[in-house]
Structure formats: C-alpha cells, structure tokens
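Working through the structure, step by step
Now for the letters of each chain:
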Amino acid sequence: MLALRWYGDKDVRVEEVPVPTITEPADVVVKVTGTTVCGSDLHLYHKEILQLQKGEILGHEFMGIVDEVGSEVISIKKGDRVVASFQIACGKCQFCKEGLTSMCDRTNSSALQEKLYGKPFAGLFGYSHFAGGFAGGQSEFVRVPFGCFNLLKIPDHVPNEKALYLSDIVPTSYHATVCADVKKGKSVAVWGLGPVGLLACKWSKLEGARRVIAIDQIPERLALAQDMGCDTIDFSKQKDLVSEVYRLEPQGVDCCIDAAAFRYTKTLLQSAERLVGLETDSSEIPNETLRAVRKFGTIAIVADYAAMTNQFLIGALMEKGVTYRGCGQAPVQEYWHQLLEKIESGEFDPTVVLTHRFSIEELSDLYEAFDKKKFGLMKTYVQT
Ligand code: NAD
Ligand code: ZN
C-alpha cells in the first residue's frame, strides 16, 4: 500500500509499505478513504517534535471503511464507514472513564514524555514515538487499537467531507471554546486563523459570543473570518496588536484562544539530544494574550507548544486574576456524538475550511504547499 513517511526536516515521501494487520484482539484495520494534512503535521514536517524516527508514517486525521476486526471487536463490523479519533484511548482506564480520553493512561509509554511532563498523555496516530509511535492515516490502511472506542460510525446521509474533520479539528476547535469558557454575550479573541482557529471563531459565534476578534496575517484567512461576522486584525500591520484589541474591546477580551503555533511564537523546540537544558526564547502570543485578556478573563492554549518558554509575563497572570488553561489534545470521543448531531442538523458545517482536494500520490507536494500557505490553501480532503 502507499503511505506518507517522514525522513527529516521538510523531507516526506510517499512510498510502498506493507499493509498493517490485526495484532491485538481489540484492533480494527481501516481502509482509509479520506485523510488530510493538519497544522500539527507542520510541526513534524519541521522536525519540531521529539522522537521522530525515519520512516514513520504520518497523519492523524482520517476516515475510512472497516476492513478487518479483532476477536474482541463487537460494536464495529467489516464494511462500516467510520471516522478515527486522532488520539488513541483505551476507554477503560480512570482518565477515559472520566471523559478525559486524551489523557488515557494506557496507550503511550514514552519514557521521554514521562521525564518531561511527569506522566505521558494518550498516544496519537502518526505523531512520533513521543506520542506512542503509532503508524498514521496518510496511508491506504491503518491499524486502530481499541477500535470500538476510537472509531465513530458515520450515518449514510453524512458525506465524507463533513465527517472527516470529526477526527480532529472539529472537536479540537470546540474544545478550545470550552476551555476558554466562551459563553453567550462574552467577547472572544482568536490568535491564528488556520482551520482550528477559524472553526473556533465559528463555534464562538454559534454559542452567541458578543464579539469575536480574529487575528492573523493571511488575507484569505482574515477574509473567511470576516465572512463569519468576526472583527479582524492583521497583526503584520499593527505596531501594537494589543492596543488594537483594546480599541475594539475597551475592557479587554473575556476569552482568548491561542490557536497559532509555537514555531510562530519563536519558542523553538530543540532536538531530542538537547532536551535536557532546553533553550528557548520569549514567546510573543502568550504575552499578547496575557495583556489583552480582561481582568479575571480566561486564556486557552489549543496550539501545540512543547517544552519550555522563558520571559512569560507571569505578573499579568497573577495580578489580573487570569485563568490560563492548556487544552491538552482534545478528548475527541467525549465530544464527537454531540458534534456529529450539529453537523447532521446543519447547525455546523466544517467544510467552510475545505479549500482543496488531493490524491495520496500528491501528499508530499501538499506538505510543501501547505507549509508555504500557497494558493489560499486551508484544509484539504485527500482521497486515498
Ligand atoms: P495552521 O498552521 O493552518 O494555522 C496557524 C495560523 O496561525 C496561520 O494562519 C498563521 O498565519 C497564524 N499565525 C502565525 N503567527 C501568528 C501570530 N503571531 N498571531 C496570530 N496568528 C498567527 O494550523 P491549524 O491546523 O489551524 O492548527 C493550529 C494549531 O493547533 C497548531 O499549533 C496545531 O498543532 C494545533 N492543534 C492542536 C490540537 C489539540 O488537540 N490541542 C489539535 C490540532 C491542532
Ligand atoms: Zn484509557
């Protein structure tokens, strides 16, 4: 079968590899029909994630048709059309029982993650050995551990394009608004208008936010946010972004969402070899959010940061009584039934961010184009 494999900084290749098989009784093998490239994949592309190994199959957002099931798999059968959660949870540990599936205790035993963070979080498809070393979905077939828990059956009347992003960005963007405490009548500001940030703007509008301020520098993305009824700020045209936020919201913003990314915030993750004694520099978005947030407001980070940052404006955090929340990887399984309902009812259409279609053979070119944000590229549907 064909799969996209990582070989080094900006070096990904589509290659022929063996088809995965059932190795555990709870496994399901899915024949992938749709996959995509996520903003998170760019961190891998740029070698910003620890413990990447040459030859790893990338991709964590995918859907397909069940091809084979293990002996313990009951609720899923061959031929079912399914979406996979990007994070892999067992469904049975204490964290999973509490609905904190992205914190599952049983699917990632990375010693390095334990050393850095105290405890590892759940494994992720196609996201390095730091996240469990699971082969990903930019591939024609994928082995899905704990298949009954990590796959969602999709009703016939929901088209692939509307279902695919339930794998990651639909629950992730929703989770960001939950973590930022977005409610009717509040003001919201979103840094980063990739698919995650734009859908967070859309969820905030749906929730009845009074004002949504959308921040980026890419004209097509700012235009999409404007179409959703957001106020927009092109940060590249501002001497002081925060004063522009205060011009729109004189008391500061109730809910700030950081949906950009650490590589944009100058917080550089060093290579695995330099992990101990990691050097990083100041991170502008965390400090911008700390200054822009209303007193006693909430900041949620949904963008993937890793390791450490210095020069963090801790004074604002304390003196303004800010709630500063890391979202973690979104607990997809906790949200996806209710979010599927909103898609089915037409209340929420994730395809507003779908701009281009590709085939699996074109995947490595797609990484390059996505990285350069070429031709207004936003979110893709990659047919396998
Ligand atoms: P993306 O790369 O398409 O979008 C990031 C956007 O941020 C770009 O449009 C860029 O122009 C903008 N940006 C850069 N610098 C900025 C700045 N200083 N201020 C404001 N905007 C700035 O990515 P995406 O797919 O939308 O993902 C966004 C982030 O969310 C990534 O870091 C990704 O890894 C993360 N993510 C997290 C989860 C989770 O579960 N926590 C899941 C998926 C993605
Ligand atoms: Zn678990």
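Structural data are supplied above this passage.
Keep in mind the model is a prediction, meaning the values are calculated, not measured.

Focus on the nonpolar core
Ranked by internal contacts, the top residues of the largest apolar core, which has 74 residues, are Leu 166, Val 170 and Ile 257. Discounting residues that sit within four places of it in the chain, Val 170 has contacts with Tyr 165, Leu 199, Trp 203, Leu 339, Ile 343, Phe 348 and Pro 350. Grouped together as the second largest cluster of nonpolar side chains are 19 residues, Ala 189, Val 242, Leu 248 and Ala 292 included.

Points about helix 7 (residues 195-207)
Its 13 residues give helix 7 an end-to-end C-alpha distance of 18 Å, which sits within 8% of 18 Å, the value for a rise of 1.5 Å per residue. Burial runs high along helix 7: 10 of the 13 residues are buried. Every buried residue of helix 7 is listed here: Pro 195, Val 196, Gly 197, Leu 198, Leu 199, Ala 200, Cys 201, Lys 202, Trp 203 and Ser 204. Just downstream of helix 7 lies Gly 208, where phi reads positive at about 95°.

Section: the site of ligand 1
Every one of the 32 residues lining ligand 1 counts as a neighbour, but Ser 40, Asp 216, Arg 221, Ala 260 and Asp 304 are closest to it. Backbone polar atom of Gly 39 to an oxygen atom of ligand 1: 2.9 Å apart, as the coordinates give it. A distance of 3.5 Å separates an oxygen atom of ligand 1 from a polar side-chain atom of Thr 172. Within the complex, 98% of the 870 Å² of free accessible area of ligand 1 lies under protein. Sorting the residues of the shell around ligand 1 by element identifies helix 1 (39-45), helix 7, strand 12 (211-216) and helix 10 (284-292) as the ones contributing at least two each.

Cut-offs used in this document
- Residue positions within a chain follow its written sequence, with the count starting from 1.
- Chain A is the first chain written and ligand 1 is the first ligand written, with later ones labelled in order.
- Per-residue local features are limited, in this predicted model, to residues with pLDDT of at least 70; the limit for side-chain atom pairs, both in listing and counting, is 80 or more; totals at the level of whole chains, interfaces and linings are taken over all residues.
- Where side-chain values are given, they derive from all heavy atoms of the structure, hydrogens and water being excluded.
- Nonpolar cores were defined as sets of buried Ala, Val, Leu, Ile, Met, Phe, Trp, Tyr and Cys residues, with membership established by side-chain atoms within 4.5 Å.
- Residue exposure (1.4 Å probe, protein chains only): buried if accessible area is under 20% of the type maximum, exposed if over 50%, otherwise partly exposed.
- Contacts are assigned to residue pairs with any non-hydrogen atoms lying within 4.5 Å of each other.
- Runs of E in the DSSP output that reach at least two residues are strands. Runs of H or I that reach at least four are helices, and both are numbered from the N terminus.
- To estimate how far a helix should reach, multiply one less than its number of residues by 1.5 Å.
- Near, as used in this document, describes a residue that has one of its heavy atoms within 4 Å of the molecule or strand being considered.
- Any N or O atom pair separated by 3.5 Å or less is treated as a polar contact, with the protein-specific requirement of one donor-capable and one acceptor-capable atom, and with residues adjacent in sequence counted only for side-chain atom pairs.
- Reported accessibility uses the Shrake-Rupley method at a 1.4 Å probe radius. Residues are deemed covered only where the shown protein chains occlude them.

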